[in-house]
Structure formats: C-alpha cells, structure tokens
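Structure at a glance
Next come the chains, spelled out residue by residue.
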Amino acid sequence: KDPAPVDAPPGSSFEKALYSAYMGGKWKIVDGVGAGNIVQFHPDGGVDGLPDDDRYALCLAGDCAAMSGENDSLWLEKNKQGNAWIFVRKGDQLEILQAVNQASTDEMPDLHPGPRRWLLERD
C-alpha cells in the first residue's frame, strides 16, 4: 500500500509492514511510568505516549539479535539517545523489561530480562 522510496535501504517496505502488523494500534500503559497514557507505535519507527521516548526499532537480525539471545528486544530513543529493552508480547499485552547486560566491558553485550518498566495492553 505504501511502498518505500526508491533510495530506501533494502527491507524498508518489509519493516514498515511488520511494524504496522505487530506493533500497530493503540496501547494503554497499565503499569509503569506514564500509567494511563495511550501509546502508539507508528510504521515509520515513531512512537507517541511513552515518557522520554519518540522512536523505536524492533531487533530483527544481526548483532542486535545476537545480543539478546532467545529474548525479543527493541530499541527506544529520544534525540538519538537510547537503550535496548527486552519485550514479551502475549496477545494484547506487551511487557517491556530493562535489558541487563551480563557481558564484561570488552565483550559483545549479553542482554537478559531485568525489572519491568512498562506493561501495555492493546486498546
């Protein structure tokens, strides 16, 4: 429906379709900072309603997937400053957990689930 521009990186159309299908819709923060806020993840990687974040990216492959092992992860940022987070999606619930790095400083990050930051439910 909405093809990527000719000069877009390979996979851009797939990424937008995935973001729309998997993260699309409105989510309500039911637990965590900003409880009660409505959160919307946009197909272009923008996010509204999460305190202190305005961009996101799902971790699909490459080094970022290797860093989180069997866990799903996403990147949240504002003003090009951000962090990796672990997430667990169960139907209409999305739990976002702090990503705890268990690697030493000279190793590739080894991210594991830490304390929960947000629990969102699809509105």
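The structure contained in this document is the topic of the report that follows. Predicted, not measured: the structure shown is a model, and the values here were computed from it. Residue positions are counted from 1 within each chain, in the order its sequence is given. Local features in a predicted model are, by the rule used here, given only for residues with pLDDT of at least 70; side-chain atom pairs are given and counted only at 80 or more, and totals for whole chains, interfaces and linings are based on all residues. Hydrogens and water are ignored here; the side-chain numbers use all heavy atoms of the structure.

1. Notes on the overall build of the chain
The condition that has to hold: Secondary structure follows DSSP: runs of H or I at least 4 residues long count as helices, runs of E at least 2 residues long count as strands, and numbering of each begins at the N terminus. As defined in this context, the radius of gyration uses C-alpha atoms, and a globule is described by 2.2 Å times the residue total to the power 0.38. Working definition: with a 1.4 Å probe on protein chains only, accessible area under 20% of the residue-type maximum means buried, over 50% means exposed, and in between means partly exposed.
Per the secondary structure count, the chain includes two helices and eight strands. Counted from the first residue to the last, the chain has its helices and strands arranged as α-β-β-β-β-α-β-β-β-β. Its C-alpha radius of gyration of 15 Å places the chain within 12% of the 14 Å reference for a compact globule of 123 residues. Principal-axis analysis of the C-alpha atoms places the extent of the chain at approximately 45 × 35 × 30 Å. Counting over 123 residues, the chain shows a buried share of 28%.

2. Digging into the sheet that holds strand β2 (residues 38-41)
How we decide: Strand pairing is assigned whenever DSSP identifies at least 2 bridges connecting the two strands. Two residues qualify as a contact provided that any one of their heavy atoms is within 4.5 Å of a heavy atom in the partner residue. Angles run from 0 to 180 degrees between N-to-C directions of axes, and those axes are lines fitted to C-alpha atoms, restricted for helices to the stretch in contact.
Ordered by their spatial adjacency, eight strands build an open sheet running β3-β2-β1-β8-β7-β6-β5-β4, and the pairing between neighbours is antiparallel. Each edge of the open sheet is held by one strand with a lone partner, namely β3 (47-48) and β4 (55-58). As paired elements, strand β1 (residues 26-32) and β2 share three bridges and run antiparallel to each other. Among the inter-strand pairings, Lys28 is bridged to a residue of β2, identified as Ile38. Packing of helix α1 (residues 12-23) onto the sheet brings it into contact with β1, β2, β4, β6 (81-90), β7 (93-101) and β8 (111-122), and relative to β4 it is tilted by some 100 degrees.

3. Side note on the side chain of Glu77
Selection criterion: His residues and chain termini do not enter the charge count, which takes Lys and Arg as positive and Asp and Glu as negative. Think of a salt bridge as a Lys or Arg side-chain nitrogen and an Asp or Glu carboxyl oxygen that are within 4 Å of each other. For this analysis, a polar contact is any N or O atom pair within 3.5 Å, provided that within protein one partner can donate a hydrogen and the other can accept it, and provided that sequence-adjacent residues contribute only side-chain to side-chain pairs.
With respect to the secondary-structure elements, Glu77 resides in strand β5 (residues 72-78). No salt bridge is formed by the buried Glu77; the nearest opposite charge belongs to Arg55, separated by 5.0 Å. At 2.8 Å, the side chain of Glu77 and the side chain of Trp75 are in polar contact. Among residues more than four places away in sequence, those in contact with Glu77 are Asp53, Asp54, Arg55 and Gly82.

4. Points about the environment of Ala17
Inspection of the secondary structure assignment puts Ala17 in helix α1. C-alpha of Ala17 to C-alpha of Pro3: the two residues are 14 residues apart in sequence and 9.8 Å apart in space.

5. Quick word on the environment of Gly46
Topologically, Gly46 is positioned in the loop between β2 and β3. Considering only alpha carbons, one finds Gly46 and Tyr19, 27 residues apart in sequence, at a separation of 10 Å. Apart from the residues within four sequence positions on either side, Gly46 is in contact with Gln40, Phe41, Asp54, Arg55 and Tyr56.

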